[in-house]
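If you want the building blocks of each chain, they are given just below.
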Amino acid sequence: MVRLSDFDTASQNEPATATAAYSDQISARNRDESQIQRTLINLVPPATLVAVILFWMFAPRSVTESPWSIVVAGLAVSFFVLGLELILERHEGWRLTRKEFATDLFYVILTYTAIGWATETFADGPLASLKESLGITTPWLIQMPFLVQAALVVFLVEFGQYWMHRLMHDWYPAWLTHAPHHHITQLNAMKGAVGNPIELFLISLSVVALFDFDTPALFCGFNLLGVISTYAHANVRSDPPLFYSYIFTTIRHHSLHHTALSYEDTRCNYGNSLILLDRIFGTYREGESEIVGQDERKRLSIYEQFIFPFRPLIEKYKGKRNKPASADN
């Protein structure tokens, strides 16, 4: 039987001085970098957000209305941040290996194909049909300023993801789908896509299909969510200023959510992109963790990630099969 306690890693097995060691590491780097360099590095995430907004605002509509544009833009962000990991590495222990890259790439492709198809077929499509059958229209929305529309997309998606994420940490059956994501033992730009397919589908659900957004603004909102989430999982030593980090999730916030200390210690900083929601709903926790990964930091294979939610049933079935043999003995 798999229990929540099974995922409580022994915090005593991890070095208690990890935070202090990281602070010393940061101090050494800061001595090697000028204040201007440090400031520029810390401004990279907000600068990326600005660049994304400008693209969706001013690129030709023939480009920004194409369904392929959001795919290309999302992949461009991922590989841009992967490049930053090479020159602005945060932790040596998180350095991307070929195996990790191949696994991450598999999940990115899965997200854009199978998960995207499932979301459209079983969620967004039916929701759009329901909207049409009920005569729900929001013509006022498309008249709103571009940035307001994009911000509303970010809020609607992230608000749903926040509560879905909390449910996955509060309800055992949902945790079983989410736990594989917490078995990753390092954070990198594409790690946000790694997880059990059931969780990836559930976390993709939103009510955005009920609203009439301008397509470029809709795609801009999706792209902004991707930028924030990518940096929140990336091995990049950028610590954005307060005007960014008070609202948006950073690697500091999210690494603490992935801490290897214990299952209970992961129950904070649920916002995938909007850490502001954690501040509002009382689940925010300050700090950072270099050591990540649950269940004694056991890295799962793709196969193990896929079958993880069914482990209790598999073990129960195996137990029933072994009972007669034991009785005969």
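Please read all numbers here as calculations on a predicted model, not as lab measurements.

The rules behind each value
- In this numbering scheme, every chain counts its residues from 1 along its sequence in written order.
- Per-residue local features of the predicted model are confined to residues with pLDDT of at least 70, and side-chain atom pairs are confined, for both listing and counting, to 80 or more; whole-chain, interface and lining totals are unaffected and use all residues.
- Excluded from the side-chain calculation are hydrogens and water; included are all heavy atoms of the structure.
- Here, a salt bridge means any Lys or Arg side-chain nitrogen found within 4 Å of an Asp or Glu carboxyl oxygen.
- Relative accessibility under 20% of the residue-type maximum defines a buried residue, over 50% an exposed one, and the middle range a partly exposed one, all with a 1.4 Å probe and only protein chains included.
- Working definition: rings of Phe, Tyr and Trp (its six-membered ring) pair if their centres are within 6.5 Å, and the pair is stacked with planes under 30 degrees apart, edge-to-face with planes over 60 apart, and tilted otherwise.
- Numbering goes from the N terminus for both helices and strands, where a helix is a DSSP run of H or I of at least four residues and a strand is a run of E of at least two.
- The pocket and cavity definitions rest on a 1 Å grid over protein atoms only: a 1.4 Å probe that fits but cannot leave marks a cavity, an open set with protein on both sides within 12 Å along at least five of seven lines marks a pocket, and residues lining either have an atom within 4 Å of a point.
- Grid points are joined across faces, edges and corners, and a volume is the space filled by probe spheres set on the points.
- Basically, the charged four are Asp, Glu, Lys and Arg, the nonpolar ten are Ala, Val, Leu, Ile, Met, Phe, Trp, Tyr, Cys and Pro, and anything else, Gly included, counts as polar.
- Patch rule: a residue counts if its relative accessible area is over 30% and it has no salt bridge; like charges are joined within 9 Å, and nonpolar side chains (Val, Leu, Ile, Met, Phe, Trp, Tyr) within 5 Å.
- Only the protein chains shown count as cover for residues, and all accessible areas are computed by the Shrake-Rupley method using a 1.4 Å probe.
- Here a helix's expected span is defined as the number of its residues, less one, multiplied by 1.5 Å.
- One fitted axis covers the seven residues ending at a residue, a second covers the seven starting there, and the bend at that residue is the angle between these axes.
- The contact criterion used is simple: two residues touch if any of their non-hydrogen atoms lie within 4.5 Å.
- Working convention: axes come from line fits to C-alpha atoms, limited for helices to the stretch in contact. Angles between N-to-C directions cover 0 to 180 degrees.
- When describing relative orientation, an angle under 35 degrees is termed roughly parallel and one over 145 degrees roughly antiparallel, while 65 to 115 degrees is termed roughly perpendicular and anything else oblique.
- By the definition used in this description, the sense in which the near helix is turned from the far one sets the handedness, with an anticlockwise turn below a right angle giving left-handed and a clockwise turn giving right-handed.

A.B. asks: Give me the lowdown on the pattern of salt bridges, citing residues and values where you can.
C.D. replies: Taken as a whole, this structure holds 15 salt bridges when the rule is applied. Residues Glu 89 and Arg 95 are paired through a salt bridge, measuring 2.6 Å at the closest nitrogen-oxygen approach. For Glu 89, a relative accessible area of 16% corresponds to the buried category. Taking relative accessible area as the criterion, Arg 95 reaches 44% and is therefore assigned partly exposed. Between Glu 264 and Arg 267 there is a salt bridge; the shortest N-O distance is 3.3 Å. Through salt bridges with shared partners, a single ionic network connects Arg 90, Asp 239, Arg 252, Glu 286 and Glu 288.

A.B. asks: Give a detailed account of the packing of aromatic side chains, specifying residues and quantitative values.
C.D. replies: In this structure the tally under the stated criterion is 16 aromatic pairs. Ring geometry for Trp 56 and Phe 219: centres 5.8 Å apart, planes at 70°, overall edge-to-face. Of the two residues, Trp 56 is situated in helix α3 (residues 44-58) and Phe 219 in helix α11 (residues 215-233); the sequence distance between them amounts to 163 residues. You can call Trp 56 buried: its relative accessible area is 2%. Look at Phe 219 and you get buried, because its relative accessible area is 11%. Aromatic pair Trp 175 and Tyr 263: ring centres 4.8 Å apart, planes at 75°, arrangement edge-to-face. You can see Trp 175 sitting in helix α9 (residues 172-178) and its partner Tyr 263 sitting in the loop between α13 (251-257) and α14 (275-281), a full 88 residues away along the chain. Taken together through their ring pairs, the aromatic side chains of Phe 155, Phe 159, Tyr 162, Trp 163, Tyr 270 and Phe 281 make up a single cluster.

A.B. asks: Please set out unusual backbone geometry residue by residue, giving values where relevant.
C.D. replies: Look at Asn 269: it is not a glycine, yet its phi comes out positive at around 50°. Topologically, Asn 269 is positioned in the loop between α13 and α14. Look at Asn 269 and you get buried, because its relative accessible area is 0%. Residues other than glycine seldom take positive phi values, yet Glu 296 does so here, at roughly 60°. Inspection of the secondary structure puts Glu 296 in the loop between α14 and α15 (302-307). A residue is classified by how much of its surface remains accessible, and Glu 296, at 62% relative accessible area, is exposed.

A.B. asks: Provide a residue-level description of the layout of surface pockets, including the pertinent values.
C.D. replies: The probe, sized like a water molecule, is rolled over the atoms to show the empty space still left. Of the volumes computed, that of the second largest pocket is approximately 370 Å³. Taken together, 19 residues make up the lining of the second largest pocket; nearest its centre are Leu 49, Ile 53, Ala 151, Leu 224 and Phe 248. Counting residues per element, the lining of the second largest pocket draws most heavily on helix α8 (residues 146-170), at five residues. Per-class residue counts for the lining of the second largest pocket are 19 nonpolar, no polar and no charged.

A.B. asks: Account for a nonpolar patch on the surface, with residues named and values stated.
C.D. replies: Where nonpolar side chains cluster on the molecular surface, the patch consists of Val 50, Leu 54, Met 57, Phe 58 and Leu 147 and spans about 490 Å² of accessible area. When residues of the nonpolar patch are assigned to their parent elements, the largest contribution, four residues, is made by α3. With respect to the secondary-structure elements, Leu 147 resides in helix α8.

A.B. asks: Can you break down α11 residue by residue, with the values?
C.D. replies: Look at α11: 27 Å from first C-alpha to last across 19 residues, which is about the 27 Å you get at 1.5 Å a residue. When you tally the buried positions in α11, you get 16 out of 19 residues, the bulk of the element.

A.B. asks: Describe helix α6 (residues 98-133), naming the residues involved and giving the relevant values.
C.D. replies: An ideal rise of 1.5 Å per residue puts 52 Å on 36 residues; α6 measures up with 49 Å between its terminal C-alpha atoms. Roughly 45° is the biggest bend found in α6, and it falls at Glu 120. For α6, the set of buried residues is Glu 100, Thr 103, Asp 104, Tyr 107, Val 108, Leu 110, Ile 115, Ala 118, Thr 119, Ala 123, Gly 125 and Lys 131. Looking at the buried positions of α6, the neighbouring elements they touch are α5 (67-87), α10 (197-202) and α15.

A.B. asks: Give me empty space enclosed by the protein: which residues, what numbers.
C.D. replies: According to the stated counting rule, one finds two cavities of 30 Å³ or more in the structure shown. Quantified by volume, the largest cavity comes out at close to 80 Å³. If you go around the largest cavity, you meet 13 residues; those closest to its centre are Glu 100, Ile 184, Arg 299, Leu 300 and Gln 305. Take the lining of the largest cavity: its biggest share by element is three residues, from α6.

A.B. asks: Would you mind going over the side chain of Gln 305 in detail, with residue names and values included?
C.D. replies: Following the sequence through the fold, Gln 305 ends up in helix α15. Assessed through its relative accessible area of 3%, Gln 305 is described here as buried.

A.B. asks: Could you give an account of the packing of α8 against α11, naming the residues involved and the relevant values?
C.D. replies: Contact pair α8 / α11: the axes reach a minimum separation of 8 Å and the direction vectors enclose 50°. When the axes of α8 and α11 are compared, the pair comes out oblique. Relative to α11, α8 is oriented so that their crossing is right-handed. Two secondary-structure elements touch here, α8 through Phe 146, Gln 149, Ala 150, Val 153, Val 154, Val 157 and Glu 158 and α11 through Pro 216, Ala 217, Leu 218, Cys 220, Gly 221, Phe 222, Leu 224 and Leu 225. Broken down by class, the residue content of the contact of α8 with α11 amounts to 12 nonpolar, two polar and one charged.

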